[in-house]
Structures are given as structure tokens and as C-alpha cells.
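Architecture and fold: a report
So you can see what is in the structure, the chains are spelled out below.
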Amino acid sequence: MTLLRRSLESLFKAAPPRPPLGIATGSGLASLGGGISGTNPVTQMSAMTNTSWLFAVVDRISASAASVPWALFRRMPDGQAQLVPQHPILDLWSAVNPFYTRHEFIETSIQHFELTGEIWWLIIRDRRKQPVELWPIRPDRIRPVPHPTEFVVGYMYTVGSMQIPLKREDVIFIRRPNPLDPYRGIGTVQSMMLDIGAEQMAAQWTRNFFSTGAMPGGILQFDEGLSDTDFE
């Protein structure tokens, strides 16, 4: 067992049994430093709030995904799927936690996936180690802790100056594979950030132009005086 694993396991034992409420919210705009990936998920998520067409696209996709009815099926020995009308996982999926409806939970998850290519869920367990709550985690606030032989030994959740270690079995990580980083995902928006940035700068220039009364921001000076006809 490596020193890294011993240190992480000691942090697991000292960690609080439950993360602070509001795990998926907040106004922190600084990306995690020293992470594995060099991408900036905060910039990608912020693009939805200040690019109208991107908001419309991501909102439509996430809302549509959240509106899909869900059901649980059991595969039978003959290969057929049998509907399971009652099951603890259905109860959890219907009420993921005290502050999120299932629709909000799925919509938040799909927003993260479309913008950053990552979905992070934290599992809260009771004393019997049974899952009782699911929480969506902002991708910019969590990072994998690599291991030389086991790939990932755990995860580190950061909010402000507080760092909370999370066990590997308590985190569900869904991602669109990143060709440059096996530990992180890649979002559709990531490939469009240059175009989105140029569009935002063009919109800002147009806004500044009209805010000055559409007057040119300069003076034309001639060596000789102009007649009224030349001036017109």
C-alpha cells in the first residue's frame, strides 16, 4: 500500500459523514488548480449563461432528457425484460434528495454533460451502507486522485478552502471520453469555445457602438478647409 493510499484513507476516516448542503450550487468561479486536466469547466458552464443560442440548445436537451419516463426492468433467463413495479432504487430515483426533484436532478446532470462532458453523482448512505440520497456535483469542484495500479483511489471535492475526500464507491462518474485525458471528460462546448468567445466579443463591440449613439469613435482631420459640398 503506497503512502498516497494511506494518506487518503486516513482522510476518509476523518472526513465528515455528509458534505455541506448546496453541493451543486455556489458562485465560485475559480477552476481547480493542480488538477489532472488542463480544461476549464467553469468557462464552459458559464458560456450557457451568456450565450443565448447555447442556453436554448442545452436547456432543450436537458429538459427533454429530464421529461423521459423511467422504469426498472429485470432481465429473465429467457432474455426477456420483466417490469419491476416496486424496488428501493425506484424510491431513491423518485426522490433523490430533500432539495432536488428527479426532474431537476436529471436536468442538472445533463447540463453538466453537454457543457463539460462529465456527470458526477455523490451517493449518501445510511448506517446500513444503503444509498438514501443522490447529489449532483459541479465538475469543476471534484477531481480524481490517481493511483499507479488501481487507476483511481478516490476523489477530492473542493469548495472554497475546504477539501473533502470521497471514497471511490460513493461517487458515480459518467463522461464522454477525452482523447487527451483518461481521467476527465470532454464537452461539446469545449470544441466551440473559440467561436463562442469571438461571437461574444462581436456582440460586445456592437453593444458599445450603439451605446455611444452609433457615432464613430474618431476625428477626421484635413490639411485644408472643406467646402460645404465636400463636407456633405
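This report concerns the structure included in the present document.

Thresholds, definitions, all that
Residues numbered from 1 in each chain as written. Predicted model: local features only at pLDDT ≥ 70, side-chain atom pairs only at ≥ 80, totals over all residues. Heavy atoms only, no water. Helix = DSSP H or I, 4+ residues; strand = E, 2+ residues; numbered from the N terminus. Buried < 20%, exposed > 50% of the residue type's maximum accessible area, 1.4 Å probe, protein only. Areas by Shrake-Rupley, 256 points an atom, 1.4 Å probe, with all protein chains shown as cover. Salt bridge = Lys/Arg side-chain N within 4 Å of Asp/Glu carboxyl O. Patch = residues over 30% accessible without salt bridge, like charges linked within 9 Å, V, L, I, M, F, W, Y side chains within 5 Å. Pairing = 2+ DSSP bridges. Polar contact = N/O pair within 3.5 Å; in protein donor to acceptor, adjacent residues only side chain to side chain. Core = buried A, V, L, I, M, F, W, Y, C linked by side-chain atoms within 4.5 Å. Expected span 1.5 Å × (residues − 1). Arc of directions from axis to C-beta. Contact = heavy atoms within 4.5 Å.

Here we take up the overall build of the protein. Along the protein, the regular secondary structure elements total seven helices and ten strands. Per-residue burial for the protein yields a buried fraction of 33% across its 232 residues. Here the protein displays about 15,100 Å² of accessible surface, and carbon together with sulfur accounts for 58% of that area.

What follows deals with the pattern of salt bridges. One side chain can pair with another of opposite charge once the charged atoms of both are near each other. Scanning all chains against the criterion turns up five salt bridges. We note a salt bridge from Glu118 to Arg184, for which the minimum N-O separation is 2.8 Å. On the criterion of sequence distance, the pair formed by Glu118 in strand β3 (residues 118-125) and Arg184 in strand β10 (residues 181-185) is long-range, its members being 66 residues apart. Exposure remark for Arg184: the relative accessible area of 8% places this residue in the buried category.

Moving on to the environment of Leu122. The residue Leu122 is located in strand β3 in this model. The buried category is assigned to Leu122, whose relative accessible area is 2%. Residues Leu122 and Pro136 lie 14 residues apart in sequence; the distance between their C-alpha atoms is 6.4 Å.

So, on to a nonpolar patch on the surface. Residues Leu220, Phe222, Leu226 and Phe231 make up a contiguous nonpolar surface patch of roughly 510 Å² in combined accessible area. Within the secondary structure, Leu220 sits in the loop between α6 (193-211) and α7 (228-231). Relative accessible area serves as the criterion here: at 76%, Leu220 is assigned to the exposed category.

Counting buried positions along strand β6 (residues 151-159) yields seven of nine residues, so the element is predominantly enclosed. Pairing of strand β5 (residues 142-147) with β6, which is carried by six bridges, proceeds in the antiparallel orientation. Directly across from His147, in β6, lies its bridge partner Phe151. Inspection of the sheet shows β6 paired to strand β7 (residues 162-167) by six bridges, in the antiparallel sense. Pairing of Gly154 across the sheet is with Lys167, part of β7.

Within the element layout of this structure, Gln44 appears in helix α2 (residues 41-50). At 2.8 Å, the side chain of Gln44 and the backbone oxygen of Leu115 are in polar contact.

Looking at soluble globular proteins, one finds that nonpolar side chains tend to be buried together. Among the nonpolar cores identified, the biggest contains 27 residues, and Phe105, Tyr155 and Leu166 are the most heavily contacted of them. Contributing elements (two or more residues each) for this core: α4 (88-94), α5 (102-116), β3, β4 (131-137), β6, β7 and β8 (171-175). If you tally residues by element for this core, the top one is β3, at six residues. Core analysis: the second largest hydrophobic core is formed by eight residues, Met45, Ala47, Val58 and Val189 among them.

Within an α-helix, residues lying three or four positions from one another point in the same direction, as the helix has 3.6 residues per turn. Here helix α3 (residues 52-66) contains 15 residues, and its C-alpha end-to-end distance of 21 Å stays within 8% of the 21 Å for a straight helix at 1.5 Å per residue. When we look at burial in α3, the residues that qualify are Leu54, Val58, Ser62 and Ala66. Down the axis of α3, the sector holding all buried residues measures 85°, keeping them to one side. The exposed residues of α3 that point more than 90 degrees off its buried face are Ser52 and Arg60. Here the buried face of α3 lies against α2, α5 and α6.

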